[in-house]
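Coordinates in review
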Amino acid sequence: MNSLGRRVLVVAFDGWNDAGEAATAAATQLRESRPYDPVYSVDPELYFDYMYTRPHIQADADGRRSLKWPDATIWRPRATARGTRLWVLSGAEPARAWKSFAAELVDAALSEDITGVVALGSMMSDVPHTRPITVFSGSDNEELRTALGLERSTYEGPVGILSVIAAAAEEAGIPTAALWASVPHYVAGHSPSPKATLALLDKLESITGAKVARGSLPGDALAWEATIDAAAADDEEMTEYIRQLEQTRDTWDSPEASGDAIAQEFEKYLRHRGDGGDGRGLGRGPHR
């Protein structure tokens with residue numbers, strides 16, 4: 001059994017933590033791959049500002065219209081097969097009372113006998129779309145880092161709701177890991193980013209041992225990449241920029257590359273962009 005146990009809660013929120021909609025799309029894929037039942041939802045009146053996270057009106061198959069309010073819900077897998085089972089917590093990032101929000105959801109997780117939490121996030125980064133999506137896999141839990149080969153983020157600064165929930169879960173005795181996909185920032189107009197979603201699900205399966213259905217994501221990822229290739233073919237500046245990102249990425253991934261060589265290449269790339277050479281963001285973990 002992995003150190004996350006057999007009842008793992010996968011957490012993803014739209015908003016600040018969800019570049020390219022990669023994390024929430026991963027949560028949606030999990031829920032749509034097998035039957036799930038909602039077991040707990042927060043009261044939206046307590047946590048959401050409707051000026052920023054507005055309710056939506058929608059119609060059913062018969063044309064009946066109803067309001068859908070922002071929410072955060074825990075979903076339980078209906079199947080009771082052997083092996084690791086994945087619960088899902090998804091919703092909108094709250095606007096207020098984050099401590100109460102996190103405490104309420106962690107209490108609900110405890111009532112479900114959750115043994116581990118995996119937070120999914122995605123961030124815009126200077127990475128090429130033509131290479132495998134990088135996923136930062138980290139934890140502040142020393143046992144998890146040792147057992148699963150995770151990293152320890154050294155980032156300091158503003159965080160999203162994922163970090164608040166992770167801290168509350170750890171305080172309650174639930175070990176927590178975080179997976180962050182790096183989405184190429186120049187493809188912001190091509191959302192969602194199925195290639196990043198697929199990378200998150202691949203890593204989730206790797207660290208939990210749970211079987212994760214990919215659905216149409218492999219084909220969607222190829223189509224997404226081809227669409228960006230086509231856009232870049234008509235833009236010389238974009239093509240050159242992508243080539244620079246590829247060279248930098250290949251240097252980092254090269255087996256013979258030393259730490260000094262990687263740092264030098266990264267600083268060279270930053271100087272070319274005019275951003276200075278302080279190396280911010282290199283190997284420091286995500287801005288959670």
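As a reminder, the structure under discussion sits directly above these lines.
What counts, and at which threshold
Residues numbered from 1 in each chain as written. Predicted model: local features only at pLDDT ≥ 70, side-chain atom pairs only at ≥ 80, totals over all residues. Heavy atoms only, no water. Pairing = 2+ DSSP bridges. Helix = DSSP H or I, 4+ residues; strand = E, 2+ residues; numbered from the N terminus. Axes fitted to C-alpha atoms, helices over the stretch in contact; angles between N-to-C directions. Polar contact = N/O pair within 3.5 Å; in protein donor to acceptor, adjacent residues only side chain to side chain. Contact = heavy atoms within 4.5 Å. Core = buried A, V, L, I, M, F, W, Y, C linked by side-chain atoms within 4.5 Å. Buried < 20%, exposed > 50% of the residue type's maximum accessible area, 1.4 Å probe, protein only. Parallel < 35°, antiparallel > 145°, perpendicular 65-115°, else oblique. Left-handed = near helix turned anticlockwise from the far one by under 90°. 1 Å grid on protein atoms, 1.4 Å probe; cavity = no way out; pocket = protein on both sides within 12 Å on 5 of 7 lines; lining within 4 Å. Points joined across faces, edges and corners; volume = space filled by probe spheres on them. Nonpolar A, V, L, I, M, F, W, Y, C, P; charged D, E, K, R; others polar.

The next thing to look at is the sheet that holds strand 6 (residues 85-92). Strand order in the open sheet made by the seven strands is 2-5-6-1-7-9-8, with mixed pairing throughout. One side of each edge strand has no neighbouring strand; the edge strands of this open sheet are strand 2 (36-41) and strand 8 (135-138). Direction aside, the axes of adjacent strands within the sheet are offset by 25° on average. Summarising the sheet, strand 7 (residues 116-125) and strand 9 (residues 176-184) pair through nine bridges and their orientation is parallel.

Moving on: the side chain of Thr-84. Examined against the element boundaries, Thr-84 turns out to sit in the loop between strand 5 (72-77) and strand 6. Within the local environment of Thr-84, its side chain forms a polar contact with the backbone oxygen of Thr-208, the two atoms lying 3.1 Å apart.

Right, let's talk about the environment of Glu-21 for a bit. Secondary-structure assignment places Glu-21 in the loop between strand 1 (7-14) and helix 1 (22-33). Considering only alpha carbons, one finds Glu-21 and Met-123, 102 residues apart in sequence, at a separation of 9.6 Å. With sequence-adjacent residues up to four places away left out, Glu-21 is seen in contact with Ser-191, Pro-192 and Thr-197.

Moving on, we come to the nonpolar core. Grouped together as the largest cluster of nonpolar side chains are 44 residues, with contacts concentrated most on Leu-30, Leu-86, Val-118, Leu-120, Leu-179, Tyr-186 and Leu-204. Of all the secondary-structure elements, those providing two or more residues to this core are strand 1, helix 1, strand 6, strand 7, strand 9, helix 6 (194-208), helix 7 (217-233) and helix 8 (236-253). Apart from residues no more than four positions distant in its own chain, Leu-179 is found in contact with Val-118, Ala-119, Leu-120, Gly-121, Val-135, Phe-136, Ser-137, Leu-200, Lys-203, Leu-204 and Ile-207. Ranked by size, the runner-up nonpolar core spans 30 residues in total, among them Val-11, Phe-48, Leu-89 and Ala-109.

At a closest axis distance of 8 Å, the pairing of helix 1 and helix 6 adopts a crossing angle of 60°. Judged on the interaxial angle alone, helix 6 and helix 1 are oblique. Crossing of helix 1 over helix 6 shows right-handed handedness. Mapping the contact onto sequence places Ala-22, Ala-23, Ala-25, Ala-26, Gln-29 and Leu-30 in helix 1 and Ala-196, Thr-197, Leu-200, Leu-201 and Leu-204 in helix 6.

Glancing now at the layout of surface pockets. In this structure, the second largest pocket encloses a volume near 480 Å³. For the second largest pocket, the lining is made up of 19 residues, of which Asp-14, Lys-68, Asp-71, Gly-91 and Ala-92 are closest to its centre. The element that contributes the greatest number of residues to the lining of the second largest pocket is helix 1, accounting for four residues. Among the residues making up the lining of the second largest pocket, the classes are represented as six nonpolar, eight polar and five charged.

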